[in-house]
Amino acid sequence: MFEPVKIAPSILSADFMNLGRDVALLEEAGAGFVHVDVMDGHFVPNLTMGVPVLKQLRRATSLPLDVHLMVENPLEQLPWFLDAGADIVTVHAEALDAEGLARAVSSIHEAGAKAAVSLKPATPPSALAPVLADLDMVLVMSVEPGFSGQSYIEGSEGKVARVVQMARELGAAPLVEVDGGIGTRTAPLVAAAGADVLVCGNAVCAAPDPARAIADILAAAEAARRGALEELVGKA
Ligand code: DX5
Ligand code: ZN
């Protein structure tokens, strides 16, 4: 929390026929991570990409691959994605009980990757409690997972702030990532609340000039964060 803001473009909105070209362009444009949305048609209604795509992405970029697993059985699928070269793996709190979450986090760490847990919009931050101290990142969904191009659920920044507060109380400092409907209007809201990593699908990959979009979103997020910190300093 309160690391320099990074943009994680979601390649779900990229041109699949030219994925290598798009990822190279995003890397050149200053993307921090490549966000890979894996959907199984069960945990969410949509079906997207899997291990073969991740393996090829691994060869195409040196950016960290941020794999968002929206699948019903993450414990079974985790090893495949870890072997394929994921750097950060996110499992959903709703897909596992407390023991399963702990097992997922330790198998991700044993493979040398970073572990994250995601919360759907209706899931309270308390669902993180069993593993929060061990997490490298928390992913707060600001839309219902399943599709890119949806509108940001207003007020999601309040949940970001609650996650930051909960982590601080524990003495933990995971990155906080936000996913869904993030662009120049909404990035400032979540950045001011403590988000470090902004997933952007349509706002970056479907923009006429993705490099420009990354720069604009980063600038808006950094300005909001500076404003929030200055306000706090003023009160100190
Ligand atoms: C939604 C995915 C998101 C999505 C973001 O379930 O997890 O990563 O691709 O797309 P935008 O930024 O267009 O909402
Ligand atoms: Zn995602």
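All of the points below concern the structure found in this document. (Residues numbered from 1 in each chain as written. Chains lettered and ligands numbered in written order. Predicted model: local features only at pLDDT ≥ 70, side-chain atom pairs only at ≥ 80, totals over all residues. Heavy atoms only, no water.)

Coordination of the zinc ion (ligand 2) by the protein comes from H35 (NE2), D37 (OD), H68 (ND1) and D179 (OD), over a distance range of 2.0 to 2.3 Å. Around the zinc ion (ligand 2) sit six donor atoms, and with donor-metal-donor angles ranging over 70 to 168° the site reads as octahedral. Mapped onto the sequence, the donors of the zinc ion (ligand 2) take the spacing H-x1-D-x30-H-x110-D. Taken as a pair, D37 in strand 2 (residues 34–39) and H68 in strand 3 (residues 65–70) lie far apart in primary sequence, 31 residues in all. (Donors = N, O, S within 2.8 Å, 3.2 Å for Na, K, Ca; no water. Tetrahedral: all angles 85-135°; square planar, octahedral: opposite > 155°, others 65-115°. Helix = DSSP H or I, 4+ residues; strand = E, 2+ residues; numbered from the N terminus.)

So, about the side chain of Q77. Following the sequence through the fold, Q77 ends up in helix 3 (residues 74–83). A residue is classified by how much of its surface remains accessible, and Q77, at 11% relative accessible area, is buried. Among the polar contacts made by the side chain of Q77, one reaches the side chain of N73 at a distance of 3.0 Å. (Buried < 20%, exposed > 50% of the residue type's maximum accessible area, 1.4 Å probe, protein only. Polar contact = N/O pair within 3.5 Å; in protein donor to acceptor, adjacent residues only side chain to side chain.)

Residues in close proximity to ligand 1 total 20 residues, the closest being D37, G146, G149, D179 and G201. In this structure, S10 approaches ligand 1 through a side-chain N or O atom, which is 3.0 Å from an oxygen atom. H35 places a side-chain nitrogen or oxygen 3.4 Å from an oxygen atom of ligand 1. Alone, ligand 1 offers 380 Å² of accessible surface; in the complex the protein occludes 99% of this. (Near = heavy atom within 4 Å. Areas by Shrake-Rupley, 256 points an atom, 1.4 Å probe, with all protein chains shown as cover.)

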